[in-house]
Amino acid sequence: MPSHGLGLAPRLRYLAGRARRIDVGSVFARAKESARDHGRWTPVVLADMLWSAGFRQVGFQDYVDYDFAILSRAERETYMTHPVSNQLSQKYDHPDFRHVFQDKVEFDGIFSDFLRRDWMVVERGNADAVRAFVEGHGTVVTKEPVGQAGTGVHRYRAEEVEDWDVFHRGLLERGELLLEEVIRQHEDIAAVCPGTVNTTRVTAFFDGKQTHILAMAQKFGRGAVSDQMSFGGFYTMLDDDGKAVGPGYDSHGHVHERHPDSGFVIADFRLPMIDEVRAFVDEVARVVPQVQYVGWDIVVTPEGPVLVEGNWGAGVYENKPSVTGIRTGHKPRYRAAIGF
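Computed from a predicted model, the values in this text were never measured in an experiment.

Colleague: In this structure, what is going on with the sheet that holds strand β4 (residues 178-181)? I would like to understand it.
Modeller: Sheet strands pair by backbone hydrogen bonding; their relative direction is either parallel or antiparallel. The 4 strands are arranged β1-β4-β2-β3 in an open sheet whose pairing can be described as antiparallel. Of all the strands in the sheet, the pair left with one neighbour each is β1 (119-121) and β3 (153-157). The sheet shows a mean angle of 25° between the axes of neighbouring strands, direction not considered. The sheet contacts of helix α10 (residues 127-137) involve β1, β2 (139-143) and β4, and relative to β4 the element is tilted by about 25°.

Here is the structure:
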C-alpha cells in the first residue's frame, strides 16, 4: 500500500494541545516510577521522556507502560503510541460518522444485528417495560449514552429492586438510558473471571476492501461490571492465533502471572473461536465504512462472537517487555496495513 503520511500540521496541533495541558508533577512522577522500575537515574529518564514526547510522538504513559527506558531506539520505533493512534483516528475516522460510535444508544441501533442480545431504551412513561425487561433477564447492565473507560456502566439485579417506579425514575435522573441483557461468555473465558464479562479488544483498519486486524488484547476483570482498569481490570496481548503472549498487566504497575481471584495462569489463555472472531470483525468493520480505524470490543460466547462497542478513538494496547520478554510492538503491522 502506498504511503499516505500523517501530516505535520495535525502533529503540531496535538503537541501544542499537550503542552498547554501538561501536568509537570505527573510527568515527574512517571519518570520517577520508570527510573525506579528499571534501575535508571530519574533526571536522565525525565529528559528522555520529554524528548520522546516532543520528537518521537511517545505519550508519557506510553513511555512507562511499554518500558521505553530499557528499549533501544530501533525497538521503540516498533511500538504504537497514543499520539500516533490519535492522528490515525483523526485522519481515517470521518467526523460526520463518529457520532455513531460516541452515542451508545445510536450504536446499539445501527449494530443491533451484531449485539445478539436484548436491549432497550429507558424513556419517560415506560417504567412497566423496564420492569418486564429487568425481571425477564434477572440481571441487566445499564449504560449512559456517552462514556468511556467503563464510566457510566452499572449492573442491577431484579431481586434487589424494591420500588420499580423509583428505580425507573433513578435511571432517568442519572442518565442510565440504555439497558442490555448480560452477555453469557464462553466457558474458556469465564474460567479466568466468571464475575465480569471479559472483552477482547481487536484494533482493526478497513481500507475499503479488506479488514486488517492490527492488534488483539484480552482484557480481564475482577468481578466488577466492567473489565476496564478503573475497575481493577488488566490485559494481555494475543498473538494471531489468539494465544496470550505472557502474563497480564495494567497502567498502574500491577503484573498478574495468575488471575488474582481464580488463579488462572494468564499466559495459558487462548481465545476460543479465533477464526469466527476474524470473520466477525470483518463484518462489523463494513457497517460504517467511513470510520475505518476502530478498536472493537467483542465477547466470545458459546454461540460465537458478539459486539459490545466500537471505539473510533481506538487507543493503544501493546507488549510490555519487562513482563512478556517481547521487545517489539505492532507498529510495523499498522504501517503495512494503513501506509503511513
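Colleague: Explain the pattern of salt bridges to me, please; I cannot follow it from the model alone.
Modeller: Pairing between side chains of opposite charge can happen when the charged atoms of each approach one another. The full count for this structure, using the stated rule, is 17 salt bridges. One salt bridge in this structure joins Asp 67 and Lys 320, with 3.2 Å as the shortest N-O distance. Of this pair, Asp 67 sits in the loop between α4 (60-65) and α5 (73-76) while Lys 320 sits in the loop between β11 (304-311) and α14 (321-324), placing them 253 residues apart in sequence. The exposure classification of Asp 67 matches that of Lys 320, with both residues buried. Between Lys 219 and Asp 297 there is a salt bridge, with the nearest N and O atoms lying 3.4 Å from each other. A residue pair is termed long-range when its members are at least 10 positions apart, and Lys 219 in strand β6 (residues 211-220) and Asp 297 in strand β10 (residues 293-301) qualify at 78 residues. Of the two residues, Lys 219 and Asp 297, both sit in the buried class. By sharing partners, the salt bridges in this structure join Arg 117, Lys 143 and Glu 180 into a single network.

Colleague: Can you help me understand the packing of aromatic side chains in this one?
Modeller: Geometrically, a pair of aromatic rings is defined through the distance of the ring centres and the angle of the planes. Applying the stated criterion to the full structure yields 18 aromatic pairs. Each ring, one from Phe 107 and one from Phe 111, has its centre 4.4 Å from the other, and the planes form 25°; the classification is stacked. Residue Phe 111 is classed as buried on the basis of its relative accessible area of 0%. Ring centres of Trp 164 and Phe 167 lie 5.6 Å apart, and the angle between their planes is 80°; this geometry places the pair in the edge-to-face category.

Colleague: Explain a nonpolar patch on the surface here, please?
Modeller: There is a patch of nonpolar side chains on the surface, built from Ile 22, Val 24 and Leu 50 and spanning about 270 Å² of accessible area. Within the secondary structure, Ile 22 is located in the loop between α1 (8-21) and α2 (24-38).

Colleague: How should the environment of Gly 195 be read in this particular structure?
Modeller: Examined against the element boundaries, Gly 195 turns out to sit in the loop between α12 (187-190) and β5 (200-206). Given the relative accessible area of 32%, Gly 195 is considered partly exposed. Sequence separation between Gly 195 and Gly 223 is 28 residues; the distance between their C-alpha atoms is 4.1 Å. Leaving out residues up to four positions away in the same chain, Gly 195 has contacts with Arg 155, Gly 223 and Ala 224.

Criteria and cut-off values
Residues numbered from 1 in each chain as written. Predicted model: local features only at pLDDT ≥ 70, side-chain atom pairs only at ≥ 80, totals over all residues. Heavy atoms only, no water. Pairing = 2+ DSSP bridges. Helix = DSSP H or I, 4+ residues; strand = E, 2+ residues; numbered from the N terminus. Axes fitted to C-alpha atoms, helices over the stretch in contact; angles between N-to-C directions. Contact = heavy atoms within 4.5 Å. Salt bridge = Lys/Arg side-chain N within 4 Å of Asp/Glu carboxyl O. Buried < 20%, exposed > 50% of the residue type's maximum accessible area, 1.4 Å probe, protein only. Phe/Tyr/Trp six-rings, centres within 6.5 Å; stacked < 30°, edge-to-face > 60°. Patch = residues over 30% accessible without salt bridge, like charges linked within 9 Å, V, L, I, M, F, W, Y side chains within 5 Å. Areas by Shrake-Rupley, 256 points an atom, 1.4 Å probe, with all protein chains shown as cover.

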